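Results of the structural survey
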Amino acid sequence: LEVLEVIVEYLNREENMTVNGIFRLTGSRALIGSLHQSLDVPPLSLDAYSPISVAAVLKRYLRLSPEPILPFDSYEQIIMIQQIKQPSGR
């Protein structure tokens, strides 16, 4: 969880939020692999990496995670939330 917090805080910086295509572009495969391996070695510093590379690592981290972001035991509650009627105009 700490890794996700550090990555999200980095991506949430104002200068990183304005990067066009941040989650669409892929970045350097070698750099992303290197950064992904360093996630387990504290302290995690992302300042030397581009926002595109960090976003790619986030996608990779989530994709390779053995546990889903939304646990299976919450599935029915998530479906119920999705079925709540939205106010008109949204």
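Refer to the preceding data block for the structure.
We now turn to the structure provided with this report. (Residues numbered from 1 in each chain as written. Predicted model: local features only at pLDDT ≥ 70, side-chain atom pairs only at ≥ 80, totals over all residues. Heavy atoms only, no water.)

**Re the environment of Leu 70**
Positionally, Leu 70 belongs in the loop between α4 (51–64) and α5 (75–82). For the pair Leu 70 and Pro 43, spaced 27 residues apart in sequence, the C-alpha separation works out to 27 Å. (Helix = DSSP H or I, 4+ residues; strand = E, 2+ residues; numbered from the N terminus.)

**Let's talk about the environment of Ser 53**
By secondary structure assignment, the location of Ser 53 is in helix α4. Among the residues examined, Ser 53 registers a relative accessible area of 3% and is labelled buried. It is 16 Å that separates the C-alpha atoms of Ser 53 and Glu 5, two residues lying 48 residues apart in sequence. Leaving out residues up to four positions away in the same chain, Ser 53 has contacts with Leu 31, Ile 32 and Leu 35. (Buried < 20%, exposed > 50% of the residue type's maximum accessible area, 1.4 Å probe, protein only. Contact = heavy atoms within 4.5 Å.)

**What about helix α3 (residues 29–37)?**
Restricting attention to buried positions, one finds in α3 the residues Ile 32, Gly 33 and Leu 35. Buried residues along α3 cover an arc of 165° about the axis, so they all sit on one side. Among the exposed residues of α3, those pointing more than 90 degrees away from its buried face are Ala 30 and Gln 37. The elements touched by buried residues of α3 are α4. (Arc of directions from axis to C-beta.)

**Here we look at the nonpolar core**
In terms of nonpolar packing, the biggest core is built from 16 residues, with Ile 7, Leu 11, Leu 35, Leu 39, Leu 46, Val 54 and Val 57 touching the most fellow members. The element contributing the most residues to this core is α4, with five residues. If sequence neighbours within four positions are ignored, Leu 39 has contacts with Val 3, Ile 7, Leu 44, Val 57 and Tyr 61. (Core = buried A, V, L, I, M, F, W, Y, C linked by side-chain atoms within 4.5 Å.)

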